[in-house]
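# A look at the structure
This is what each chain is made of:
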Amino acid sequence: MAGCSQEQRKASAAAATEALWKEYAASLNEGDLERWLSLWTEDGIQMPPDEAAIAGKDNIRARNEAMLDRFTFEIGITNQEVETAGDLAYSRGTYKARLVPKDGGRPVSIDGKYLTILERQA
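Residues numbered from 1 in each chain as written. Predicted model: local features only at pLDDT ≥ 70, side-chain atom pairs only at ≥ 80, totals over all residues. Heavy atoms only, no water.

Our focus in this paragraph is the nonpolar core. Residues Tyr 24, Leu 28, Trp 36, Phe 73, Ile 75 and Ile 77 are the most contacted members of the largest nonpolar core, which totals 20 residues. Going through the elements one at a time, helix H1 (6–29), helix H2 (33–37), helix H3 (57–70), strand E3 (71–85) and strand E4 (88–101) are the ones with two or more residues in this core. The residues contacting Tyr 24, other than those within four sequence positions of it, are Trp 36, Leu 39, Trp 40 and Ile 77. (Core = buried A, V, L, I, M, F, W, Y, C linked by side-chain atoms within 4.5 Å. Buried < 20%, exposed > 50% of the residue type's maximum accessible area, 1.4 Å probe, protein only. Helix = DSSP H or I, 4+ residues; strand = E, 2+ residues; numbered from the N terminus. Contact = heavy atoms within 4.5 Å.)

Here it is, written out as structure tokens:
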């Protein structure tokens, strides 16, 4: 990105991040665990509400495989801010999710917020 203005880099990072969140939501909404996991680094850490942090892709897989076995997701993500520093960026925003139990129980609604550290990948 040599020669790009700061505004161009920021716009490029914002567009890439928006595409990432669309893929994140689509993969969960379609119940595609492997596609969703492909967005995580091996040393990623997930910090779900009211739970202990989950470190490492294998642990994230185990926790979320159980969730996707039990629920159908309907999630929407609204990215509100992206800032970059070299190969790292942070993304801040909100999400609304509806988890529908596959066994026919009551849906669970979640309104949340996130702050995610992103690392540029190949």
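A word on the sheet that holds E3. Taken together, the three strands give an open sheet; going across it, the order is E3-E4-E5, and neighbouring strands pair in antiparallel fashion. If you trace the sheet from one side to the other, it starts and ends with E3 and strand E5 (108–119), each paired once. Strand-to-strand twist in this sheet, taken as the mean axis angle between neighbours without regard to direction, amounts to 20°. As paired strands, E3 and E4 are joined by 14 bridges and run antiparallel to one another. Across the sheet, the residue bridging to Gly 76 is Lys 96, located in E4. (Pairing = 2+ DSSP bridges. Axes fitted to C-alpha atoms, helices over the stretch in contact; angles between N-to-C directions.)

Take the pairing of E5 next. Walk down a regular strand and you will see the side chains alternate between the two sheet faces. Pairing between E4 and E5: twelve bridges, direction antiparallel. Of the residues in E5, the one forming a bridge with Tyr 95 is Gly 112. With antiparallel pairing between neighbouring strands as the criterion, E4 and E5 make up a hairpin whose turn holds six residues, including Gly 104 at a positive phi of roughly 90°.

For the rest of this paragraph, the subject is H1. Taking 1.5 Å per residue as the helical rise, H1 with its 24 residues ought to reach 34 Å, and the 34 Å between its terminal C-alpha atoms agrees with that figure. All of the buried residues in H1 are Ala 13, Thr 17, Trp 21, Tyr 24, Ala 25, Ser 27 and Leu 28. Along its buried surface, H1 packs onto H2, H3, E3, E4 and E5. Positive backbone phi, at 70°, marks Gly 31, one or two positions downstream of H1. (Expected span 1.5 Å × (residues − 1).)

Once that is clear, we can look at unusual backbone geometry. Positive phi values are uncommon outside glycine, yet Asp 50 reaches one of about 60°. Relative to the helices and strands, Asp 50 is located in the loop between strand E1 (45–46) and strand E2 (54–55).

Turning our attention to the side chain of Ser 91. Along the chain, Ser 91 turns up in strand E4. On the accessibility criterion, Ser 91 (0% relative accessible area) is buried. Of the polar contacts made by the side chain of Ser 91, one reaches the side chain of Trp 21; its length is 2.8 Å. A distance of 2.4 Å separates a polar atom in the side chain of Ser 91 from a polar atom in the side chain of Asn 79. (Polar contact = N/O pair within 3.5 Å; in protein donor to acceptor, adjacent residues only side chain to side chain.)

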